[in-house]
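Secondary and tertiary structure notes
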Amino acid sequence: MPGLTGLEVARIATDASPRTRIVFVTAYDQYAIDAFEHGAVDYLLKPVKRERLDATIERLQALDALPDAAALAALLDRLGALPR
């Protein structure tokens, strides 16, 4: 990639929007640890196998099913207001 590295792009994207999900797709396995340290959800090596891609998609869908911190805090506030 000209200009920035994938790790730099991942850092900038997650700083700008913490809900950003990063999946690295690369032929280079030596950057995997750095990728996970920068918040990667997954790290796929080329050539990507269909089963591996499917597992990544399932992981992303599961993450999106989780409430974000603001939604969870609002829910807890509502539950705290219920009569006991």
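In short, a report on the structure. It should be emphasised that the depicted structure is a prediction, and the values quoted were computed from it without experimental measurement.

What follows covers the pattern of salt bridges. Following the criterion strictly, the structure yields five salt bridges and no others. In this structure, Asp15 and Arg11 form a salt bridge, with 3.8 Å as the shortest nitrogen-oxygen distance. Here the residue Asp15 and the residue Arg11 both occupy positions in helix H1 (residues 6-16), the gap between them amounting to four residues, near one helical turn. We classify Arg11 as partly exposed; its relative accessible area is 40%. Across the pair Arg21 and Asp64 runs a salt bridge, and its minimum N-O distance is 3.6 Å. Of this pair, Arg21 sits in the loop between H1 and strand S1 (23-26) while Asp64 sits in helix H3 (residues 50-65), placing them 43 residues apart in sequence. Arg21 gets classed as partly exposed once you look at its relative accessible area, which sits at 31%. Given a relative accessible area of 47%, Asp64 falls into the partly exposed group. Because the salt bridges share partners, they merge into one network encompassing Asp42, Arg52 and Arg59.

Here is what the cut-offs are and how they apply
- Residues numbered from 1 in each chain as written.
- Predicted model: local features only at pLDDT ≥ 70, side-chain atom pairs only at ≥ 80, totals over all residues.
- Heavy atoms only, no water.
- Salt bridge = Lys/Arg side-chain N within 4 Å of Asp/Glu carboxyl O.
- Helix = DSSP H or I, 4+ residues; strand = E, 2+ residues; numbered from the N terminus.
- Buried < 20%, exposed > 50% of the residue type's maximum accessible area, 1.4 Å probe, protein only.

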